[in-house]
Amino acid sequence: MKSLVLTISMLLVAAAGMGKDIKTVVFTTTPQMHCDKCEKKVKDNIRFERGVKKIVTSIDDQTVTIQYDADKTTPAKIEAGFGKFGYKARVVKPGEKIKRNPDEVCPNM
């Protein structure tokens, strides 16, 4: 009986994990990220958007890479989430390189 319950439990956990549709989207932001405070602001705020699973930021590349559950959100909804904390975002096209804007002043300093 214990082995039957254990087997059923394992199957339920495996089935729940298989149903997720995890996708990745890459954004760039305006204002650009200039420092650790900028990265922290982005990560600390966008993590609360529904369906967001993982966030990786890069100041050098000016990108925010987000893994998300496509059953719970879309890139458009995540993009709109940036506006909640004063940023704009747009999806980066594959192979696109983002140039840093040397005239922009860091808003978090």
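Look a little higher up for the structure.
Residues numbered from 1 in each chain as written. Predicted model: local features only at pLDDT ≥ 70, side-chain atom pairs only at ≥ 80, totals over all residues. Heavy atoms only, no water.

A. Structural detail: the overall build of the protein. For the protein, the count of helices and strands is three helices and four strands. Tracing the protein from N to C terminus, the helices and strands come up as α-β-α-β-β-α-β. Taken over 109 residues, the protein has a buried fraction of 33%. Here the protein has roughly 7400 Å² of accessible surface; of this, 58% comes from carbon and sulfur atoms. (Helix = DSSP H or I, 4+ residues; strand = E, 2+ residues; numbered from the N terminus. Buried < 20%, exposed > 50% of the residue type's maximum accessible area, 1.4 Å probe, protein only. Areas by Shrake-Rupley, 256 points an atom, 1.4 Å probe, with all protein chains shown as cover.)

B. The sheet that holds strand β2 (residues 52-58), seen in detail. Strand order in the open sheet formed by four strands is β2-β3-β1-β4, with antiparallel pairing between adjacent strands. Because the sheet does not close on itself, it has two edges, and the strands there are β2 and β4 (88-91). Here the strands of the sheet are splayed against their neighbours by 30° on average, with no regard to which way each runs. Across four bridges, the pairing between strand β1 (residues 22-30) and β4 is antiparallel. Bridged to Thr28 within β4 is Arg90. Contacting β2 and β3 (63-69), helix α2 (residues 36-46) crosses the sheet at an angle of about 170° to β2. Against the sheet, helix α3 (residues 75-82) engages β1, β2, β3 and β4, with an angle of about 35° to β1. (Pairing = 2+ DSSP bridges. Axes fitted to C-alpha atoms, helices over the stretch in contact; angles between N-to-C directions. Contact = heavy atoms within 4.5 Å.)

C. Quick peek at the nonpolar core. By size, the foremost hydrophobic cluster in this structure holds 19 residues, and its most contacted members are Phe27, Val42, Ile46, Val64, Ile66, Ile78 and Phe82. Elements that contribute at least two residues to this core include exactly β1, α2, β2, β3 and α3. (Core = buried A, V, L, I, M, F, W, Y, C linked by side-chain atoms within 4.5 Å.)

D. Layout of the state of the cysteines. This model, assessed by the stated rule, comprises zero disulfides. Cys35 takes part in no disulfide bond, and the closest cysteine sulfur, belonging to Cys106, lies 3.7 Å away. Judged by its relative accessible area of 14%, Cys35 is buried. Here Cys106 stays unpaired: no disulfide links it, and the sulfur of Cys38, its closest cysteine neighbor, is 3.5 Å away. (Disulfide = S-S within 2.5 Å.)

E. Fine view of unusual backbone geometry. The omega torsion across Thr30 and Pro31 is 0°, close enough to zero to call that bond cis. Considering the arrangement of structural elements, one finds Pro31 in the loop between β1 and α2. At Gln62, a position not held by glycine, the phi torsion is positive, near 60°. Inspection of the secondary structure puts Gln62 in the loop between β2 and β3. Judged by its relative accessible area of 1%, Gln62 falls in the buried class.

Read these as spatial facts, not as claims about activity.
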